[in-house]
Amino acid sequence: MATMKLAGFFSGAVASILILMVAILLATRGMLTPSIDSSPPSSSSSDDIDHDLHVITVKFQELEILPLVDAVGPESIAFDPNGRGPYVGVSDGRIIRWDWDLRRWIDFAVTSPNRENCHGPDNHEETEHICGRPLGLRFNQKTGDLYIADAYMGLLVVGPNGGLATPLSAQTDEAPFWFTNGLDIDQTTGDVYFTASSNRYTRRNYLEAIISGDQTGKLMKYDPTRDKMTTLLQNLTFPNGVALSRNGDFILALESTSCRVLKYWLRTSKVGTVESLTKLPGFPDNIKMNSKGEFWVGMYSRRGKLLDWILSYPGLGEKLVNPPLDGILKLGTSIVRKRAIGMAIKLSEGGDRILQVLEERSGRLKFVSEVVENNGDLWFGSVIMPFLSVLRKYESYE
């Protein structure tokens, strides 16, 4: 009987492993990628981008590279009120700034006071819960304060001179939150809008959060004048980047698991309501508005129909992330990192139409986490790569 139970366990585990591995392979290789469209995907699929869209292919050698030292993953990009930057948060918990005169990165701020074992080219994923992992960055253009969404330390702020960031309130009126991710600031009111991606999984376990269909994410607001946190939306599936509209009437929030763009109304007669907009062709990360009021979305990787199928069965996803399969999930993460391509998508002012798709297909620019249009240049962040990159005079490619 014991032998039969053991055999049953292993046969079930092997089946689960096979389903997961095939899903990851097909999803990240784009073999079952749905066509890009502003409506929900149909049952058909295609390897190609919709030919009616404006697609730009960028060669890696056309990018200017700003290499990192002893760290990786410049997830988010910011420029201060004086135009200095870029500033980025990296894997060892630092926020660093590129000095154009010295042609190198200099330290600006940290999110954790515990820095003893944070330096050097070690595997920072093992220590990021101690050293911090800054994700979303955004300057208040009036005060010069930099707000930071750290995956482990929560929402923080640091003054114009940098140093150790100050944690803000770590709980709302309803419940604590963690896995702080994307953020944006209303430059008129100073209010900070940010996401907490999951209340069950940490950043290191992002794949489990996606595969399981976790729905504990939140869209939140921080009012610095009252030092008050408010939950605007909850029960979200891995909410990630957020961006306010030009006039502040609404905020766009990206759900990485569902690949949806959500519009939450802050003003007008629709205040407090949410709309589901564009379905994206892959897993979105951050979203940033450009000077025209359009939005750039960084795409982490492509997505396939088989993974859609897994996510449609929450029970299956939960089984796949059980502890016995931890090693397989790590292997799946490794495969994802080898299969990804670089992609960015530009959305209309309302967030409901895809205007342009930009791709780098060599595989040397991967996991685009954020795209920032600044003074005619297009900057690309990545949560994994050991460099920041920029496409100069982007408008010449349009």
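It should be noted that the structure appears before, not after, this text.
The following paragraphs examine the structure supplied in this document.

### Notes on the pattern of salt bridges
When their charged atoms lie close together, side chains carrying opposite charge are able to pair. Following the criterion strictly, the structure yields 18 salt bridges and no others. Its salt-bridge partner being Asp80, residue Arg84 comes within 3.0 Å of it at the nearest N-O pair. Classification of Arg84 as partly exposed rests on a relative accessible area of 38%. Look at Asp80 and you get buried, because its relative accessible area is 5%. Salt-bridge contacts for Asp191 lead to Lys221; the nearest nitrogen and oxygen are separated by 3.6 Å. Highlighted residues: Asp191 in the loop between β12 (180-185) and β13 (192-196) and Lys221 in strand β14 (residues 217-223), separated in sequence by 30 residues. Judged by its relative accessible area of 24%, Lys221 is partly exposed.

### A few points about the side chain of Ser198
Looking at the secondary structure, you find Ser198 in the loop between β13 and α3 (206-211). With a relative accessible area of 0%, Ser198 lands in the buried category. A polar contact is formed between the side chain of Ser198 and the backbone nitrogen of Arg200, at a distance of 2.9 Å. Separated by 2.8 Å, the side chains of Ser198 and Asp214 make a polar contact.

### A short note on the layout of surface pockets
If you add up the space inside the largest pocket, you get close to 720 Å³. What lines the largest pocket is a set of 34 residues, among which Arg138, Gln141, Gln187, Met289 and Asn290 lie closest to the centre.

### A word on the state of the cysteines
Summed over all chains, the structure comprises 1 disulfide. Through a disulfide, Cys118 is tied to Cys131; the S-S separation comes to 2.0 Å. Measuring the twist about the S-S bond at about -90 degrees, one finds the Cys118-Cys131 disulfide to be left-handed. With Cys118 in the loop between β6 (104-110) and α2 (128-131) and Cys131 in helix α2, this pair connects stretches of sequence that are 13 residues apart. The class for Cys131 is buried, based on a relative accessible area of 3%.

### A look at the environment of Ala165
Structurally, Ala165 can be placed in the loop between β10 (163-164) and β11 (166-167). Remark: the alpha-carbon pair of Ala165 and Ser112, spanning 53 residues in sequence, is separated by 7.5 Å. The residues touching Ala165, leaving out its near neighbours within four places in the chain, are Val110, Thr111, Ile148, Leu156, Val157 and Val158.

### Concerning the sheet that holds strand β7 (residues 134-139)
If you trace the 4 strands from one edge of the open sheet to the other, you get β7-β8-β9-β11, paired in antiparallel fashion. Two strands bound the open sheet, and with one partner strand each, they are β7 and β11. The sheet contact formed by strand β9 (residues 154-158) and β11 spans 2 bridges and is antiparallel. What sits directly across from Val157, in β11, is Thr166.

### Quick word on the packing of aromatic side chains
Applying the stated criterion across every chain, the model contains 12 aromatic pairs. Ring geometry for Phe250 and Trp265: centres 5.4 Å apart, planes at 65 degrees, overall edge-to-face. A residue pair is termed long-range when its members are at least 10 positions apart, and Phe250 in strand β17 (residues 250-255) and Trp265 in strand β18 (residues 260-265) qualify at 15 residues. A relative accessible area of 8% places Phe250 in the buried class. Trp265 sits in the buried class, given a relative accessible area of 11%. Each ring, one from Tyr300 and one from Phe367, has its centre 4.6 Å from the other, and the planes form 50 degrees; the classification is tilted. Pair noted here: Tyr300 is in strand β21 (residues 295-302) and Phe367 is in the loop between β23 (354-360) and β24 (368-374), with a separation of 67 residues, a long-range link. Assessed through its relative accessible area of 13%, Tyr300 is described here as buried. Its relative accessible area of 0% is what places Phe367 among the buried residues. Clustering of aromatic rings is evident, with ring pairs tying together Phe79, Trp98, Trp100, Trp105 and Trp379.

### What about the nonpolar core?
Core analysis: the largest hydrophobic core is formed by 33 residues, its most contacted members being Leu358, Leu378, Phe380 and Leu391. Put simply, the parts of the chain that give this core at least two residues each are α3, β21, β24, β25 (377-382) and β26 (387-391). Tallying contributions element by element places α3 first for this core, with 5 residues. Listed in part, the 17 residues of the second largest apolar core include Leu280, Ile287, Met343 and Val357.

How each quantity is defined
- Residues numbered from 1 in each chain as written.
- Predicted model: local features only at pLDDT ≥ 70, side-chain atom pairs only at ≥ 80, totals over all residues.
- Heavy atoms only, no water.
- Salt bridge = Lys/Arg side-chain N within 4 Å of Asp/Glu carboxyl O.
- Buried < 20%, exposed > 50% of the residue type's maximum accessible area, 1.4 Å probe, protein only.
- Helix = DSSP H or I, 4+ residues; strand = E, 2+ residues; numbered from the N terminus.
- Polar contact = N/O pair within 3.5 Å; in protein donor to acceptor, adjacent residues only side chain to side chain.
- 1 Å grid on protein atoms, 1.4 Å probe; cavity = no way out; pocket = protein on both sides within 12 Å on 5 of 7 lines; lining within 4 Å.
- Points joined across faces, edges and corners; volume = space filled by probe spheres on them.
- Disulfide = S-S within 2.5 Å.
- Contact = heavy atoms within 4.5 Å.
- Pairing = 2+ DSSP bridges.
- Phe/Tyr/Trp six-rings, centres within 6.5 Å; stacked < 30°, edge-to-face > 60°.
- Core = buried A, V, L, I, M, F, W, Y, C linked by side-chain atoms within 4.5 Å.

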